[in-house]
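Chain by chain, the residues:
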Amino acid sequence: MIPRKHSVMIATFPYGGNGATSAEHPDTRHWYTKTILAMKEDPRIEHVHDYTIGDTPITMTRNAAVLRARKMKCDLLLMLDSDMKPELE
């Protein structure tokens with residue numbers, strides 16, 4: 001049996017607070033870069049899509065990410081906030 005390959009979307013929300021400039025914690029982008037490269041090498045993943053939206057309210061942008069992932073027929077959606085440190089223990 002051939003294992004199913006997945007389509008993944010990573011959504012980022014780099015809202016800077018003033019509406020004109022995006023901003024994010026450096027650890028977020030470092031983690032994102034490392035993770036997207038690993039995903040591209042993972043045999044279980046067929047496609048990796050990127051979606052960035054810097055706007056408010058966050059509920060609206062998260063809903064927009066879900067709609068985009070559905071439109072792209074993604075199996076998984078990972079939402080990465082701009083102010084987090086993903087590997088914080």
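Residues numbered from 1 in each chain as written. Predicted model: local features only at pLDDT ≥ 70, side-chain atom pairs only at ≥ 80, totals over all residues. Heavy atoms only, no water.

(A) The arrangement of the environment of Arg68 in detail. Along the chain, the position of Arg68 falls in helix H2 (residues 58–71). Between the alpha carbons of Arg68 and Tyr51 there is a distance of 8.0 Å; along the sequence they are 17 residues apart. Those residues in contact with Arg68 that lie beyond four places of it in its chain are Met9 and Tyr51. (Helix = DSSP H or I, 4+ residues; strand = E, 2+ residues; numbered from the N terminus. Contact = heavy atoms within 4.5 Å.)

(B) Focus on H2. Between its terminal C-alpha atoms H2 stretches 20 Å, which fits the 20 Å expected from 14 residues at 1.5 Å a residue. Burial in H2 covers these residues: Thr61, Ala65 and Ala69. Along the axis of H2, the buried positions cluster into a sector of 80 degrees, meaning they face one direction only. Exposed and facing more than 90 degrees away from the buried side of H2 are Thr59, Asn63, Leu67, Arg70 and Lys71. Summarising the contacts, the buried residues of H2 are in contact with strand S1 (6–13), strand S2 (45–52) and strand S3 (76–81). Of the residues trailing H2, Lys73 is marked for its positive phi of about 60 degrees. (Expected span 1.5 Å × (residues − 1). Buried < 20%, exposed > 50% of the residue type's maximum accessible area, 1.4 Å probe, protein only. Arc of directions from axis to C-beta.)

(C) Spotlight on the nonpolar core. Counting residues in hydrophobic clusters, the biggest one holds nine residues: Val8, Ile10, Trp31, Tyr32, Ile36, Met39, Ile45, Val48 and Leu80. The set of elements that each furnish at least two residues to this core consists of S1, helix H1 (26–41) and S2. When residues in this core are grouped by element, the largest group, four residues, is from H1. Residues Ala11, Phe13, Ala69 and Cys74 belong to the second largest nonpolar core, which totals eight residues. (Core = buried A, V, L, I, M, F, W, Y, C linked by side-chain atoms within 4.5 Å.)

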